[in-house]
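# Working through the structure, step by step
Residues per chain, in single letters:
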Amino acid sequence: MPEPRSKELPVSLLTDPVMIEACQVRDCGRIFQLVKARAGIYPSMIARRCDLTPSRVGEVIAGRRQLLHMDVIERISDGLRIPGHMLGLARRSWETPPSLTAMPREPAKAATSAVEPLVAGLPGADDDARSSAADTELSAKLARHAAETNVNTLVLDQFDADVERLARDFVSRPLPFLIPEIRTAQGGVFQLLEGRQRPSQTRHLYVVAGWLSGLAAHVSLDLGDRSAAATHVRTVVQCAEISEHSPLRAWARSFQSLAAYWAGDYRKAGDLAQAGQNEGRGPGTGTIKARLLSLEARARAAAGDNRSALRVLALAHEARGAAGPDELPGVFSFPEAKQWAYAGTTLLAGGGDEQIRHAISASNRAVELYQSGPEGDRSPGDLQAAHLDLATAYLASGEVEGAGVKLSEVFTAEGYTASITIRLRNLAALLGSEPYRGAQSAVDLRAHIHEVTVRPALASNPTESRWPPGPHKIIWSPIAAFFPPRRTARVSTWLLVSPSTSGRPRATTFRASLWTNWPTYAVSSPTWVAVTGSSSPGCGTTVPT
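So, a few notes on the structure that sits alongside this text. The shown structure was predicted, so the numbers you read here are calculated from the model rather than taken from an experiment.

## Regarding the pattern of salt bridges
Following the criterion strictly, the structure yields 17 salt bridges and no others. Linking E59 and R65 is a salt bridge whose minimum nitrogen-to-oxygen distance equals 2.7 Å. As a salt-bridge pair, R173 and D169 come within 3.7 Å of each other at their nearest N and O atoms. Three or more residues are tied together by salt bridges with common partners; here these are D162, R165, D169, R173 and E181.

As structure tokens, this is what we get:
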């Protein structure tokens, strides 16, 4: 939103009794509301002028914070050009000196509104500005100026459709293929915002820009780049404040809570989720309130506050029953399956036999809902998270074999998001503690977790494939062993060899183990054996070399 040309507030606002009273009692929330409504200075502009953070301004407007420090009051006076005497301050340096107030005419000033520049160039503007002809020409010029726009309804509708499609595809489509599309859509919106639109169109574009920045934030978090994710979500907050879009603002808080949770700052994660529930006009009518409450419950449980976690978890289930339709689908919605998965994690963190049983039931319910839902709505990451919660719950109950079965559902994936990698490593640490330390099954599980968590991260570029074009030969190192399918196997060194069959092509070493349904082979001597199968990219037949 372009900032008003003049920094001066309208005289009508400064002389309004409501404004005068708000200044006398230093009610900054009321002052900010009046400045926004009467001068068109939005919270983000107020924050910039007064050297405050946008979130602080939002809290003041919402009545959740008061500004009492004198230096802050002075910055507000200077930034918004409120005369010092109105706020009980001394005359400010920018105010007109007293010696000039008695002069019959004031020096020429800069334009005090967006209309004044339109008068420039009109014949007889200085002498005839009040004449009927000048007023008519001014109105006509203003109408032409207001009608100028670089977007139309079709453009906005297309952006809305693109955001909806990307939000839906984000759940199940491979991440590398979405990144260029998100980046292209962002660039298109930002380019349009540099031009002129009607105010309602500008707000609409900021909403679109906010949702697209939200997708970019999710991409960064999934790739483990927390710094980039934080930058993107700050843009979401800015767009939400400019557009005054409550659901977007609440979603931004939910994402900030999610990021804090995976950074291990559980108290901050809970506070951010709670703040999202109280943000501005509320989180909206969709499933966002259930999401925020579920995030808070999970964070409180991780922080050790089991009583608060259970209380908030009950509120989350109540919010689910009262939820209306979401504005956007996919990653911006909060499906029932995901809520059950969050409930499982929350209950599991609380510990205790009874809660662990409830956690297993909740996680199983999440798996059932994901597997029975439409294929396009199935989130591999959320399904993996539910399986990992089940594995952790079985392990807490002493059922190492049951944990291994659930882990096998996760090991088949070719790559993991950063959050799944964190879960796997936490589980490996649990397997390395008593009473599991030393048990062969636990050792094997830890070894395989180590293998899958050192794989390359999800590629951020679709042209960067983890496997060169096939068919390939995968050469197993000369270790005598027998590997049955779908069973635990030791981790072995493998060599990825180029497709060439002539000579001895250069090979790339990597670590892997036969956990998937690859064919069975018995190796009785240290000979090189090529291993391929239905689970390996570029597979063919078993060929001795």
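Once you've had a look at it, read on.
## Some remarks on the packing of aromatic side chains
Taken as a whole, this structure holds seven aromatic pairs when the rule is applied. By the ring-pair criterion, three or more aromatic residues cluster together here, those being W211, W251, F255 and F332. Above the face of the Y342 ring, R298 is positioned so that its terminal group lies 4.3 Å from the ring centre.

## Some details on the environment of E194
With respect to the helices and strands, E194 occurs in the loop between α12 (175-193) and α13 (199-222). Along the chain, E194 and N150 lie 44 residues apart, while their C-alpha atoms are 9.7 Å from each other.

## Structural notes on the side chain of S254
With respect to the element layout, S254 can be found in helix α15 (residues 246-262). Residue S254 is classed as buried on the basis of its relative accessible area, which comes to 3%. Contacts of S254, omitting those with residues within four sequence positions, involve I288, R291, L292 and L295.

## Description of helix α18 (residues 306-322)
Its 17 residues place the ends of α18 25 Å apart at the C-alpha level, agreeing with the 24 Å of an ideal helix rising 1.5 Å per residue. Tucked into the core, α18 has its buried residues touching α17 (288-302) and α19 (336-350).

## Thoughts on the packing of α13 against helix α14 (residues 226-243)
Taken N-terminus to C-terminus, the directions of α13 and α14 make an angle of 165 degrees; their axes are 8 Å apart at the nearest point. In terms of orientation, α13 lies roughly antiparallel with respect to α14. When the axes of α13 and α14 are compared, the crossing they make is left-handed. Together, R203, Y206, V207, A209, G210, S213, G214, A216, A217, S220 and L221 of α13 and R226, A228, A229, H232, V233, T235, V236, C239, I242 and S243 of α14 make up the contact between the two elements.

About the thresholds
- Residues numbered from 1 in each chain as written.
- Predicted model: local features only at pLDDT ≥ 70, side-chain atom pairs only at ≥ 80, totals over all residues.
- Heavy atoms only, no water.
- Salt bridge = Lys/Arg side-chain N within 4 Å of Asp/Glu carboxyl O.
- Phe/Tyr/Trp six-rings, centres within 6.5 Å; stacked < 30°, edge-to-face > 60°.
- Lys NZ or Arg CZ within 6 Å of the ring centre and 35° of its normal.
- Helix = DSSP H or I, 4+ residues; strand = E, 2+ residues; numbered from the N terminus.
- Buried < 20%, exposed > 50% of the residue type's maximum accessible area, 1.4 Å probe, protein only.
- Contact = heavy atoms within 4.5 Å.
- Expected span 1.5 Å × (residues − 1).
- Axes fitted to C-alpha atoms, helices over the stretch in contact; angles between N-to-C directions.
- Parallel < 35°, antiparallel > 145°, perpendicular 65-115°, else oblique.
- Left-handed = near helix turned anticlockwise from the far one by under 90°.

Function-wise, these values are silent; they only describe arrangement.
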